[in-house]
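Letter by letter, the chains look like this.
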Amino acid sequence: MKKFALSLGFGFLVNNIIATLVAAVILRPLLGSFWESTIRTDAQGLAFPSLLSGYFILTLLMVVGYKYFSMQGLWLKKGMAWGLLIGGAAFLSGHLITAGWSIIPSFPMLISGVLDMLAPVATGVVIGYVYRNE
């Protein structure tokens, strides 16, 4: 139970920090006017309860599923692979699906989805580290 709580707590923290850095440092400058015209503006702010609950659910599912992810090898390799799998499923596919049914252009959403995968990869590494001796 201790490892579960540690991986959930640190994973949630890392997930949010990396996602925030990716959005502020990479996506906003890279996508410029697309970001301002399609994504929320600074004046609109963020819907933090939804944002934080989404990252919490993602982290929780990653922690629960990690022990059942039957990849052999070092904790770092397993954590990165788990993060890529979950990040690809959640962000890459989600962004492209959103672009498909909305008027949002596909290419910026593809870039955003790929870069948003960095947070679950980092989270997977944290989870792998906590469970490294099991």
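Everything quoted here is computed from the prediction, not taken from an experiment.

Rules used in this analysis
- The residue numbering used here restarts from 1 in each chain and proceeds along that chain's sequence as written.
- Only residues with pLDDT of at least 70 get local features here, since the model is predicted, and only at 80 or more are side-chain atom pairs given and counted; chain-wide, interface and lining totals rely on the full set of residues.
- Working from all heavy atoms in the structure, the side-chain values ignore hydrogens and water.
- The helix count covers DSSP runs of H or I at least four residues long, the strand count covers runs of E at least two residues long, and both are numbered beginning at the N terminus.
- Partly exposed describes any residue whose relative accessible area lies between the buried limit of under 20% and the exposed limit of over 50%, with all areas from a 1.4 Å probe on protein chains only and scaled to the type maximum.
- Residues count as neighbours in contact if any of their non-hydrogen atoms are within 4.5 Å of one another.
- Buried Ala, Val, Leu, Ile, Met, Phe, Trp, Tyr and Cys residues that are joined via side-chain atoms within 4.5 Å together make up what is termed a nonpolar core.
- As a rule, the C-alpha atoms of each element are fitted with a line to give its axis, helices using only the stretch in contact, and angles between N-to-C directions run from 0 to 180 degrees.
- Here is the rule for handedness: rotate from the far helix to the near one, and if that takes an anticlockwise turn smaller than a right angle the crossing is left-handed, while a clockwise turn gives right-handed.
- Polarity classes work like this: nonpolar for Ala, Val, Leu, Ile, Met, Phe, Trp, Tyr, Cys and Pro, charged for Asp, Glu, Lys and Arg, and polar for all others, with Gly in that last group.
- Classification of ring pairs rests on two measures: the distance between centres of Phe, Tyr or Trp rings, Trp counted by its six-membered ring, which must be within 6.5 Å, and the angle between planes, read as stacked under 30 degrees, edge-to-face over 60 and tilted in between.
- Throughout this description, any angle smaller than 35 degrees is read as roughly parallel, any larger than 145 degrees as roughly antiparallel, any in the 65 to 115 degree range as roughly perpendicular, and the remainder as oblique.
- What the arc measures is the spread of directions leading from the helix axis to the C-beta atoms.

## Looking at the overall build of the chain
Line of reasoning, step 1. Summing up its helical and strand segments, the chain has 5 helices and 0 strands in all.
Line of reasoning, step 2. Secondary structure of the chain in N-to-C order comes out as α-α-α-α-α.
Line of reasoning, step 3. Out of the 134 residues belonging to the chain, those deemed buried represent 35%.
Line of reasoning, step 4. Long-range contacts, defined here as pairs at least 24 residues apart, represent 72% of the contacts in the chain between residues at least 6 apart.

## Regarding the nonpolar core
Here is a general trend for soluble globular proteins: nonpolar side chains tend to be buried in one another's company.
Line of reasoning, step 1. Ranked by internal contacts, the top residues of the largest apolar core, which has 16 residues, are L58, M62, W82, I127 and Y131.
Line of reasoning, step 2. Looking at this core, the elements with two or more residues in it are helix 1 (2-38), helix 2 (48-66), helix 3 (75-101) and helix 5 (118-130).
Line of reasoning, step 3. Once residues lying within four places of it in the same chain are set aside, the contact partners of W82 are L61, M62, G65, Y66 and F69.

## Remarks on the packing of helix 3 against helix 5
Line of reasoning, step 1. Remark: helix 3 packs on helix 5, axes separated minimally by 7 Å, with the N-to-C direction vectors making an angle of 145°. Here the hand of the crossing between helix 3 and helix 5 comes out right-handed. Only P120, V121, G124, V125, G128 and Y129 of helix 5 make contact with helix 3, whose side of the interface consists of W75, L76, G79, M80, G83, L84, G87 and F91.
Line of reasoning, step 2. Of the residues assigned to the contact of helix 3 with helix 5, the class counts are 9 nonpolar, 5 polar and no charged.

## Brief notes about the side chain of K78
Line of reasoning, step 1. Relative to the helices and strands, K78 resides in helix 3.
Line of reasoning, step 2. Apart from residues no more than four positions distant in its own chain, K78 is found in contact with Y66, F69 and M71.

## Here's the deal with the packing of aromatic side chains
Line of reasoning, step 1. Under the criterion given, the structure shown has 5 aromatic pairs.
Line of reasoning, step 2. Ring centres of F12 and F56 lie 5.7 Å apart, and the angle between their planes is 75°; this geometry places the pair in the edge-to-face category. With F12 in helix 1 and F56 in helix 2, this residue pair connects regions lying 44 residues apart in the sequence.
Line of reasoning, step 3. Between the aromatic rings of F69 and W82, the centroid separation amounts to 4.8 Å while the plane-to-plane angle is 40°, which identifies the pairing as tilted.

## Here's the deal with the packing of helix 2 against helix 3
Line of reasoning, step 1. The contact between helix 2 and helix 3 brings their axes to 11 Å, and the two run at 135°. When the interaxial angle is binned, helix 2 and helix 3 end up oblique. Judged by the twist between their axes, the crossing of helix 2 over helix 3 is right-handed. Between helix 2 and helix 3, the contacting residues are Y55, L58, L61, M62, G65 and Y66 on the first element and W75, K78, G79, W82, G83, I86, A90 and F91 on the second.
Line of reasoning, step 2. Grouping the constituent residues of the contact of helix 2 with helix 3 by class yields 10 nonpolar, 3 polar and 1 charged.

## Here we look at helix 4 (residues 106-116)
Line of reasoning, step 1. Inspection of helix 4 places P108, M109, S112, G113, L115 and D116 among the buried residues, and these make up the whole buried set. The arc that holds every buried residue of helix 4, seen down its axis, measures 170°, which confines them to one face.

## Brief notes about the environment of Y129
Line of reasoning, step 1. Relative to the helices and strands, Y129 is located in helix 5.
Line of reasoning, step 2. The exposure class of Y129 is partly exposed, given its relative accessible area of 42%.
Line of reasoning, step 3. Residues Y129 and L74 lie 55 residues apart in sequence; the distance between their C-alpha atoms is 9.6 Å.

These values are about where atoms sit, not about what they do.
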